[in-house]
Structures are given as structure tokens and as C-alpha cells.
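# Descriptive structure summary
In case you want the letters, here they are:
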Amino acid sequence: MATTMIADGVLIKHYTEGNQGAFETLLKRHKNRIFSSIYALVGDRYIAEDIFQETFIKIIHSIRTGKYNHEDKFLPWAMRISRNMCIDSIRQRKRLPIVVDSEGNDILNNLGIFEKSQEELHIENDEITMLRKWIWELPEEQREVLVLRNYADLSFKEIAVVTNTNINTCIGRMHYALINLRKMTQKNSVRVK
Amino acid sequence: MIYNITKNELLKYFYNECSPSVRQLIEMELDANPEWRNYLNYLETVQNSTKIDFKPNDTLVSMILEESAATEHQSL
């Protein structure tokens, strides 16, 4: 028997009426896409976890206080919240001074603060990891569109809303992101499967 | 060919965002345009390579659910 997925807007309505299970369904439905997108944007699991938690706390409070009015556009709305937090985080980190040890290595990387999880270690030497690193090398605006399209699975129209641009700008940025990734692939002579 | 397909349209085609008429045109002309096929294959490669499904840890998810339950009690 076919099952029908309850729309996000309906879940949110149930949640505002006191149905905690509706929120749990919403969270479990979108958590991986939202987390993956945040992670791909900030490039650090621990920062990604903080932003993910802050995003959902903001979502909870917005819904609870009746500020959610996007009907079934929950994911683009949630991605807009997390995207703004990612931008703030990246800008803050750019302002932080880099402290290096006697060998010139970033001291934060040697404190165990940014230890990698098992899943990260598993893919450490994978070609996929290489591509992900190159995505991080892309200009911020290009990386953002690529991440929102491929990780969050937002349409270009939705990305335009999230990023305050228009659809042609988004498609153009995606196109240049792909060109730049191809250049990096060729430059590094690694065949991406 | 009457209509010139751009890479931006191929991009929209790949992500199922082009108009039905452009879709039909691309599918009709695809075999005659190997460079289109190459571009679409490249898009698929990038997409597959970026499909890494990272998951937030369970503790974090539980904390968010607890926060949600706590705000419910506050609003009662």
C-alpha cells in the first residue's frame, strides 16, 4: 500500500498545535540535508554542529512564536537561516589571527579540537574528499550555489530566494563553479570517478 | 538545428528545471551532440562526487528535540 508523506506545512501546523512528534518527523526528514550543506559550507564538523543546533533552535522559536509563514517552503527557509549563520561564521574565522607553532603549522589543528570522526577518516584519502576540498577552494558565491543545489537539493529558483539573487545569477555561478572544478581536476591530474 | 541550446539550459535540464519544450528538444538532439552528452556526464560526475551524506550525531538531534519539548512547556 502506498504511503503519503505529510507535507512540511502540515507538520508545522500540527507542531504549533502541540504535536511534538510532528516536529520530530520534520527534523528527521531534513536533518541530513541541512547538516551536509552546513558542513560543506563551513568545512568543519564541530562548527557545523554548532550552526546546525543554532539553526534548529531558531526554527523552534520562530514556529512557536508564530513567525513561520512559508507554508511548504520549510527547507529553503531553514537553509536561509543556516546559510546566514555559515556566512557569519566564515567571516568571523577570517578575522581570527592564525597562531602557528615552531614549524609553521596552525596550532589549532594540532590541539585535537578538530579531530576527525570515523566517517571522515574513512573517506580521508578518497577522491571524493579531494573534490570536496576543491569545492572549498571555489569562490564563496560559487561554492554556495553548488552546495545548496547538490547537498540541500534546492532548485535554482529556491537558491535565488535564499541568496537574495536571481535565477540567472545562480545558474551562472553554478556554471563557473563547474568550470573551476574542472580546471582544478585537470590541474591536479586526478580523475574523478 | 533551429534553437541553440546553451550550457545553462543543459544545466537546468540536468536538474529537471527546464521547460518541457526545451527538455523535448534536448532529448531529440542529444545523440547528435556528443558535447552535450559530455557536459551532462560531467555534471553527473560532480553531483555523484558531492553526494556525501553527513549526519548530525544522535546526541545533537536529541538535544534539539529536548529544546523543542522545553519550549512547549514554556508556552503552556
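Higher on the page you've got the structure.
The model shown is predicted, which means the values in this text are computed figures rather than measured ones.

## Overview of the pattern of salt bridges
The full count for this structure, using the stated rule, is 12 salt bridges over all chains. The salt bridge involving A:E144 is made with A:R83; its shortest N-O contact spans 2.6 Å. Here A:E144, found in helix α7 (residues 140–150), pairs with A:R83, found in helix α4 (residues 74–95); they are 61 residues apart in sequence, far enough to count as distant. For the salt bridge of A:R149 with A:D153, the shortest nitrogen-to-oxygen distance reads 3.0 Å. When salt bridges with common partners are traced through the structure, they connect A:R33, A:R149, A:D153 and B:E17 into a single cluster.

## With respect to the packing of helix α2 (residues 20–42) of chain A against helix α3 (residues 45–64) of chain A
Working note: a packed helix pair is described by the angle between its axes plus the distance between those axes. Residue and element names in this part refer to chain A. For the pair α2 and α3, the least separation of the axes is 9 Å and the interaxial angle reads 140 degrees. In this structure, α2 crosses over α3, and the sense of that crossing is right-handed. Note on element contacts: α3 touches α2 through R45, I47, A48, E49, I51, F52, T55, F56, I60 and R64, opposite Q20, F23, L27, K31, I34, F35, I38, Y39 and V42.

## Considerations on unusual backbone geometry
All names here are of chain A. The phi torsion at D153 lies on the positive side, around 60 degrees, for a residue other than glycine. Residue placement: D153 occurs in the loop between α7 and α8 (156–162). Given the relative accessible area of 37%, D153 is considered partly exposed.

## Focus on the environment of A:P139
With respect to the helices and strands, A:P139 occurs in the loop between α6 (127–137) and α7. Between the alpha carbons of A:P139 and A:A177 there is a distance of 8.1 Å; along the sequence they are 38 residues apart.

## Comments concerning helix α2 (residues 20–29) of chain B
Residues and elements named next belong to chain B. V22, L25 and I26 are the residues of α2 that are buried. Projected onto a plane normal to the axis of α2, the buried residues spread over an arc of 100 degrees and lie on a single side. Exposed and oriented more than 90 degrees from the buried face of α2 are P20, Q24 and M28. Buried residues along α2 sit against α1 (7–14) and α3 (34–50).

## Points about the packing of aromatic side chains
Scanning all chains against the criterion turns up 11 aromatic pairs over all chains. Centre to centre, the rings of A:F52 and A:F56 are 5.1 Å apart; their planes meet at 55 degrees, and the pair counts as tilted. Residue A:F52 and its partner A:F56 are both found in helix α3; the two are separated by four residues, about one turn of the helix. For the residue pair A:F52 and A:F56, the accessibility class agrees, reading buried in each case. Feature note: the residues A:Y15, A:F23, A:F35, A:Y39, A:F52, A:F56 and B:F54 constitute an aromatic cluster, connected by ring pairs. Of note, A:R149 hangs over the ring of A:F156, and the distance from its end group to the ring centre comes to 5.7 Å. Residue placement shows A:R182 over the ring face of B:Y42; its charged tip is 3.9 Å from the ring centre.

## Here we look at the interface of chain B and chain A
At the junction of the two partners, chain B supplies 32 residues and chain A supplies 42 residues. At the boundary of chain B with chain A, total buried surface from both sides reaches about 3600 Å², with 63% on carbon and sulfur atoms. Of all residues in chain B, the largest losses of buried area upon contact with chain A belong to B:Y42, B:F54 and B:I64, amounting jointly to 19% of the total for that side. The tally of links between chain B and chain A comes to one salt bridge. A salt bridge links B:E17 to A:R149; the nearest nitrogen and oxygen atoms lie 2.2 Å apart. Connecting chain B to chain A are 14 residue pairs in polar contact (both at pLDDT 80 or more). Only α1, α3 and α4 (58–75) of chain B provide two or more residues apiece to the side of chain B that touches chain A. The biggest single contributor to the side of chain B that touches chain A is α4(B), with 11 residues. When the residues that make up the side of chain B that touches chain A are grouped by side-chain class, the tally is 15 nonpolar, nine polar and eight charged.

Rules used in this analysis
Residues numbered from 1 in each chain as written. Chains lettered and ligands numbered in written order. Predicted model: local features only at pLDDT ≥ 70, side-chain atom pairs only at ≥ 80, totals over all residues. Heavy atoms only, no water. Salt bridge = Lys/Arg side-chain N within 4 Å of Asp/Glu carboxyl O. Helix = DSSP H or I, 4+ residues; strand = E, 2+ residues; numbered from the N terminus. Axes fitted to C-alpha atoms, helices over the stretch in contact; angles between N-to-C directions. Left-handed = near helix turned anticlockwise from the far one by under 90°. Contact = heavy atoms within 4.5 Å. Buried < 20%, exposed > 50% of the residue type's maximum accessible area, 1.4 Å probe, protein only. Arc of directions from axis to C-beta. Phe/Tyr/Trp six-rings, centres within 6.5 Å; stacked < 30°, edge-to-face > 60°. Lys NZ or Arg CZ within 6 Å of the ring centre and 35° of its normal. Buried area = accessible area lost by both parts, 1.4 Å probe. Polar contact = N/O pair within 3.5 Å; in protein donor to acceptor, adjacent residues only side chain to side chain. Nonpolar A, V, L, I, M, F, W, Y, C, P; charged D, E, K, R; others polar.

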